[in-house]
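Here's the letter readout for the chains.
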Amino acid sequence: MNKGDLIDALKRKNGFTREKAEQVIDLFFGEMAHALVHGDRVEIRGFGSIFVKAYGSYRGRNPKTGESVTVKAKRLPFFRCGKELKERVDRFNN
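Model, not experiment: these values are computed from the prediction. (Residues numbered from 1 in each chain as written. Predicted model: local features only at pLDDT ≥ 70, side-chain atom pairs only at ≥ 80, totals over all residues. Heavy atoms only, no water.)

1. Notes on the packing of aromatic side chains
Tallied over the entire structure, the rule returns four aromatic pairs. With a centroid separation of 6.2 Å and 25° between ring planes, the pair formed by Phe 51 and Phe 78 is classed as stacked. Of this pair, Phe 51 sits in strand β2 (residues 48-55) while Phe 78 sits in strand β5 (residues 74-81), placing them 27 residues apart in sequence. The ring of Phe 78 carries Lys 53 above its face, with NZ or CZ at 5.0 Å from the centroid. (Phe/Tyr/Trp six-rings, centres within 6.5 Å; stacked < 30°, edge-to-face > 60°. Helix = DSSP H or I, 4+ residues; strand = E, 2+ residues; numbered from the N terminus. Lys NZ or Arg CZ within 6 Å of the ring centre and 35° of its normal.)

2. What about helix α2 (residues 18-37)?
When the terminal C-alpha atoms of α2 are compared, their 28 Å separation across 20 residues agrees well with the 28 Å that a helix rising 1.5 Å per residue should span. By the burial criterion, the buried members of α2 are Ala 21, Ile 25, Met 32, Ala 35 and Leu 36. The buried residues of α2 occupy one face: seen down the axis, they fall within an arc of 115°. Exposed residues lying more than 90 degrees from the buried face of α2 are Glu 19, Leu 27 and Val 37. Those residues of α2 that are buried are in contact with α1 (3-14), β1 (42-44), β2 and β5. A positive backbone phi angle near 85° is found at Gly 39, which sits one or two residues after α2. (Expected span 1.5 Å × (residues − 1). Buried < 20%, exposed > 50% of the residue type's maximum accessible area, 1.4 Å probe, protein only. Arc of directions from axis to C-beta. Contact = heavy atoms within 4.5 Å.)

3. Quick word on the sheet that holds β2
Taken in spatial order, the three strands of this open sheet run β1-β2-β5, and their pairing is antiparallel. The strands lining the two open edges of the sheet, one partner per strand, are β1 and β5. The sheet shows a mean angle of 25° between the axes of neighbouring strands, direction not considered. Where β1 and β2 come together, three bridges link them in antiparallel fashion. By the bridge assignment for β2, Ile 44 is matched with Gly 48. Sheet strands touched by α2: β1, β2 and β5. Its angle to β1, the strand with the most contacts, is close to 135°. (Pairing = 2+ DSSP bridges. Axes fitted to C-alpha atoms, helices over the stretch in contact; angles between N-to-C directions.)

Following this line, the structure appears as structure tokens:
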């Protein structure tokens, strides 16, 4: 499923115009991204949570040349699946 599929589902199930459905999806993901950028955790009960994990810089190695390089510190988003979603996916496969 991609963003277009979500827009189509929202349009179909709620009678929204495509433009209105796209606005809702853009607002939803925009607010989630805004929260993550500001270091907040996004939690959707029954689905999962997304949080930002900070990594310090470290020495790495260029795989092509073998040269030692410094990898800059970074922050990355991580998704943790909720219990209900795990169970729902597992039941679907059994």
